[in-house]
Amino acid sequence: MLGTLDKGPVTFELINPATKTKEAVSMSRGVFVERLRLMLYDLEGASRVPLVIHQAARGDWAPFATFSPGGVTSGVSVMYLTVTCSETAARITEEDIVRESRDTFVGEYRTRTHLRACQEWPARDIPSSYYEPVVVRRSRS
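Residues numbered from 1 in each chain as written. Predicted model: local features only at pLDDT ≥ 70, side-chain atom pairs only at ≥ 80, totals over all residues. Heavy atoms only, no water.

Asks: What exactly am I supposed to notice about the environment of Leu 5 here?
Replies: If you trace the backbone, Leu 5 turns up in helix 1 (residues 2-6). Classification of Leu 5 by relative accessible area gives buried; the value is 3%. Separated by 22 residues in the primary sequence, Leu 5 and Met 27 have C-alpha atoms spaced 8.4 Å apart. Apart from residues lying up to four places away in sequence, Leu 5 is in contact with Val 10, Met 27, Ser 28, Arg 29, Phe 32 and Trp 61. (Helix = DSSP H or I, 4+ residues; strand = E, 2+ residues; numbered from the N terminus. Buried < 20%, exposed > 50% of the residue type's maximum accessible area, 1.4 Å probe, protein only. Contact = heavy atoms within 4.5 Å.)

Asks: Would you take a moment to explain unusual backbone geometry for this structure?
Replies: For residues that are not glycine, phi is negative in most cases, and the peptide bond is trans in most cases. Even without being glycine, Lys 20 reaches a positive phi, approximately 60 degrees. As for its placement among the helices and strands, Lys 20 is situated in the loop between strand 1 (10-15) and strand 2 (22-27). Note on Lys 20: relative accessible area 62%, which makes it exposed. Positive phi is not limited to glycine here, since Asp 103 has a value of about 60 degrees. The residue Asp 103 is located in the loop between helix 6 (94-101) and helix 7 (109-120) in this model.

Asks: I tried to follow the pairing of strand 2 on my own but got confused; where do I start?
Replies: On a regular strand, one side chain projects to one face of the sheet and the next to the other, so that they alternate. In this sheet, strand 2 lies alongside strand 1 in antiparallel orientation, the contact comprising six bridges. When the bridges of strand 2 are listed, Phe 12 appears paired with Val 25. The antiparallel hairpin formed by strand 1 and strand 2 contains six residues in its connecting segment, where Lys 20 sits at a positive phi of about 60 degrees. (Pairing = 2+ DSSP bridges.)

Asks: It is not clear to me how the pattern of salt bridges should be interpreted in this structure. Could you clarify?
Replies: Pairing is possible between side chains that carry opposite charge, provided their charged atoms lie close to one another. Per the counting criterion, the structure on display carries nine salt bridges. Of the charged contacts, one joins Arg 110 and Glu 34 as a salt bridge, the two residues approaching to 3.0 Å between their closest N and O atoms. In this pair, Arg 110 sits in helix 7 while Glu 34 sits in helix 2 (residues 29-39), placing the two residues 76 residues apart along the sequence. What makes Arg 110 partly exposed here is its relative accessible area of 27%. Through salt bridges with shared partners, a single network forms among Glu 34, Arg 37 and Arg 110. (Salt bridge = Lys/Arg side-chain N within 4 Å of Asp/Glu carboxyl O.)

Asks: So what exactly am I meant to see when it comes to the nonpolar core here?
Replies: The nonpolar side chains of soluble globular proteins are, as a tendency, buried together. Ranked by size, the top nonpolar core spans 17 residues in total, and within it Phe 12, Met 27, Phe 32, Leu 36, Trp 61 and Phe 64 carry the most contacts. Looking at this core, the elements that each hand over two or more residues are strand 1, strand 2, helix 2, helix 3 (43-57) and helix 4 (62-67). A total of five residues in this core trace back to one element, the largest contributor, which is helix 2. Those residues within four positions of Phe 32 in sequence are excluded, and the remaining contacts are Met 1, Leu 2, Leu 5, Met 27, Trp 61 and Phe 64. One finds Leu 81, Cys 85, Ile 97 and Leu 115 within the second-largest nonpolar core, a separate group that totals six residues. (Core = buried A, V, L, I, M, F, W, Y, C linked by side-chain atoms within 4.5 Å.)

Any link to function would need more than the numbers given here.
What follows is the structure, given as structure tokens:
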């Protein structure tokens, strides 16, 4: 199934809820793996993963598009970019991307897409002390 997406986006039909007509939609590997990852975040979504993978392997992508959060479009929260572009994006190295995404079903897609978005997103400089461990001092009673 991922091999199919590695060759390029898949195209399939879905019913447009507004017009009640079938429309051709296209989905890339990156969108598929990102939405699949999001399905694993809650019990209801995770319980549907075996079905959507099974159907996708048979060439039927509609169940995935129906059950996945956000459908087959890419998108990310404004708050997420606001925080992560300032706090983490600048610290991610090429070596980090390769090492941490090796042999994962998402691969490098998510991190590289995130970093591209951060190139356009306003970010604040974070003082180096922000990354230092918190030390808790106990008062003597």
